[in-house]
Amino acid sequence: MKKIDFESHFYNIESVQTLKARTDYPYWTEEDNTIHWLPKVYMSQDKFAPNLLDFAERRIKIMDKLEIEKAIISLAPGIDYLPPEESIPACKAANDALYKVTQQFPGRFLGSAILPILDVEASVAELERCVKELGFVMWQTHSTYGEGIEPDDKQFWPVWRKVAELGIFAYLHPVTSRQPKFNDYGYAMACPGLGFTIDTQASIVRIILSGMLDEIPDLKILLGHFGEALPFLMERMDNRMSMLDMPEQKNQHKPSYYFGRNIMVTTSGNAYAPAYECTKAAIGVDNILVGTDYPFETMESCIEFLDGLSMTTEEREKIYYKNAARLGITL
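Scope of this entry: the structure provided in the associated data block. This structure is a prediction, so every number in the text was calculated from the model and none was measured.

The subject of this paragraph is empty space enclosed by the protein. Scanning all chains against the criterion turns up two cavities of 30 Å³ or more. In this structure, the largest cavity encloses a volume near 60 Å³. Lining the largest cavity are P26, W37, L38, Y81, T144, V175, T176 and R178. Partitioning the lining of the largest cavity into residue classes produces five nonpolar, two polar and one charged.

To continue, consider helix α14 (residues 299-308). Within the span of α14, buried status applies to M299, C302, I303, F305 and L306. Along the axis of α14, the buried positions cluster into a sector of 155°, meaning they face one direction only. Facing away from the buried side of α14 by over 90 degrees, the exposed positions are E304 and G308. Those residues of α14 that are buried lie in contact with β1 (3-10), α3 (56-66), β5 (68-75), α11 (225-228), α13 (273-283) and α15 (313-322).

Let us look at a nonpolar patch on the surface. On the surface, M243, L244 and M246 cluster together into a nonpolar patch covering about 290 Å² of accessible area. Residue classification places L244 among the exposed residues on the basis of a relative accessible area of 52%.

Tallying each qualifying case throughout the model produces 20 salt bridges. Across the pair K2 and E69 runs a salt bridge whose closest N-O atoms are separated by 3.8 Å. Of the two residues, K2 is situated in the segment before β1 and E69 in strand β5; the sequence distance between them amounts to 67 residues. E30 is the partner of K20 in a salt bridge, and the nearest nitrogen-oxygen pair spans 3.6 Å. Note that K20 is positioned in helix α1 (residues 13-20) and E30 in the loop between β2 (27-29) and β3 (34-38), a separation of ten residues in sequence. Given the relative accessible area of 58%, E30 is considered exposed. Among the charged side chains, a network of salt bridges with common partners joins K92, D96, E126 and R129.

Conventions and cut-offs
Residues numbered from 1 in each chain as written. Predicted model: local features only at pLDDT ≥ 70, side-chain atom pairs only at ≥ 80, totals over all residues. Heavy atoms only, no water. 1 Å grid on protein atoms, 1.4 Å probe; cavity = no way out; pocket = protein on both sides within 12 Å on 5 of 7 lines; lining within 4 Å. Points joined across faces, edges and corners; volume = space filled by probe spheres on them. Nonpolar A, V, L, I, M, F, W, Y, C, P; charged D, E, K, R; others polar. Buried < 20%, exposed > 50% of the residue type's maximum accessible area, 1.4 Å probe, protein only. Helix = DSSP H or I, 4+ residues; strand = E, 2+ residues; numbered from the N terminus. Arc of directions from axis to C-beta. Contact = heavy atoms within 4.5 Å. Patch = residues over 30% accessible without salt bridge, like charges linked within 9 Å, V, L, I, M, F, W, Y side chains within 5 Å. Areas by Shrake-Rupley, 256 points an atom, 1.4 Å probe, with all protein chains shown as cover. Salt bridge = Lys/Arg side-chain N within 4 Å of Asp/Glu carboxyl O.

This is the structure:
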């Protein structure tokens, strides 16, 4: 059964060079091939960088073996929230590099824009270029843009509006949490073990409570990891966030209302059957898409997990490729 992968990552050499030239966080130390996100939060690139930098040929071979017909490719290192004088040229170079690969393998790789988000005007212009000139289908953004700078801040709404106006969708991807309670214990807790999930949880809930999805009703956002554990918390959020009349909350509906209407989720990096069952029960199989998170996870392990889940052929078709049509992506 053919499949569409909504989360697959790459590096381009210009992004690597941008991080290697920095002395403030985040930066890349060449002598030990390590990205330092924050004090105590660092990650060796030895295991992943080769598959991220030289990815096209080897990735196609794995995709063919697993019947992954299309993959949406997004930039992995967080260059988008660097100061604009660094991020503007770095994001443009990354988008141009990805475009060349999409042209080399037409129809197999689809592009996701990376934007210099701290310059809103430049981000809107780059997003238009990526969609109208390069044919990209998605914007990958991150769960925080710096200390105290959140994706729901009103200053960034023109970018979110442009996403809806252009008829594409956004992927709210985790980035290193800024909370010391995570970072004191290093990369594993600060990032994929817990911090990624909690930071992205908070960001999408802030987006809901800000009223953004009511003001931009056509906006579509993807979350990875079966919804960053929010399906498990759905009833509690609905109950507690409507218990009191809080003027700070601008949303017109309960949080669960926006899942399926504006928010869909992928399977990336969460090969756990109870997580799938909870997500299916909370938001419905119509709102789940494939995400392999390659090469931070293997495509083989993701598809083996999904193939082993108990579901009907109709459910499997929906997750593997039919639900993608709701976002304009078809086989």
